[in-house]
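Reading the structure
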Amino acid sequence: MYNFFVHVRHPNYRLVTRADAPFPDHTSAGEWRLTRSRHADDVNAEVREAIDRDGYSLFRIGLSLPEIPKS
């Protein structure tokens, strides 16, 4: 299972972790609100790979096209 969180003060930021893993360093569970839990087959492969590599996946909702680096 994977847990999906939204940041309490900055709701455009989302965090995904394995449900059975400790919360990532450099943040605390109190800064995040659980929004849903999903089975692995319902989680994007890139998100699962980031979690396997880094212990979490962090992303931001609402980016604009000009924010994408050109190089």
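Use the structure listed above.
Scope of this entry: the structure provided in the associated data block. (Residues numbered from 1 in each chain as written. Predicted model: local features only at pLDDT ≥ 70, side-chain atom pairs only at ≥ 80, totals over all residues. Heavy atoms only, no water.)

Structural notes on the pairing of strand β2 (residues 13–18)
- Across five bridges, strand β1 (residues 2–7) lies against β2 in antiparallel orientation. Within β2, the residue paired with Phe 5 across the bridge is Leu 15.
- Where β2 lies against strand β4 (residues 57–60), four bridges are found, and the strand directions are antiparallel. Residue pairing across strands places Arg 14 opposite Phe 59, the latter belonging to β4. (Pairing = 2+ DSSP bridges. Helix = DSSP H or I, 4+ residues; strand = E, 2+ residues; numbered from the N terminus.)

Quick look at the sheet that holds β1
- A sheet is described by the order of its strands in space; here four strands give the open sequence β3-β1-β2-β4, paired in antiparallel fashion. Looking at strand neighbours, the two that pair on one side only are β3 (32–38) and β4, the edges of this open sheet. With strand direction ignored, the average angle separating the axes of adjacent strands in the sheet is 25 degrees.
- Sheet strands in contact with helix α1 (residues 45–54) are β1, β2 and β4, and its direction is about 70 degrees off that of β2. (Axes fitted to C-alpha atoms, helices over the stretch in contact; angles between N-to-C directions. Contact = heavy atoms within 4.5 Å.)

What about a nonpolar patch on the surface?
- Together, Tyr 13, Tyr 56 and Leu 58 make up a nonpolar patch on the protein surface, roughly 270 Å² of accessible area in all.
- Structurally, Leu 58 is set in strand β4.
- A residue is classified by how much of its surface remains accessible, and Leu 58, at 47% relative accessible area, is partly exposed. (Patch = residues over 30% accessible without salt bridge, like charges linked within 9 Å, V, L, I, M, F, W, Y side chains within 5 Å. Areas by Shrake-Rupley, 256 points an atom, 1.4 Å probe, with all protein chains shown as cover. Salt bridge = Lys/Arg side-chain N within 4 Å of Asp/Glu carboxyl O. Buried < 20%, exposed > 50% of the residue type's maximum accessible area, 1.4 Å probe, protein only.)

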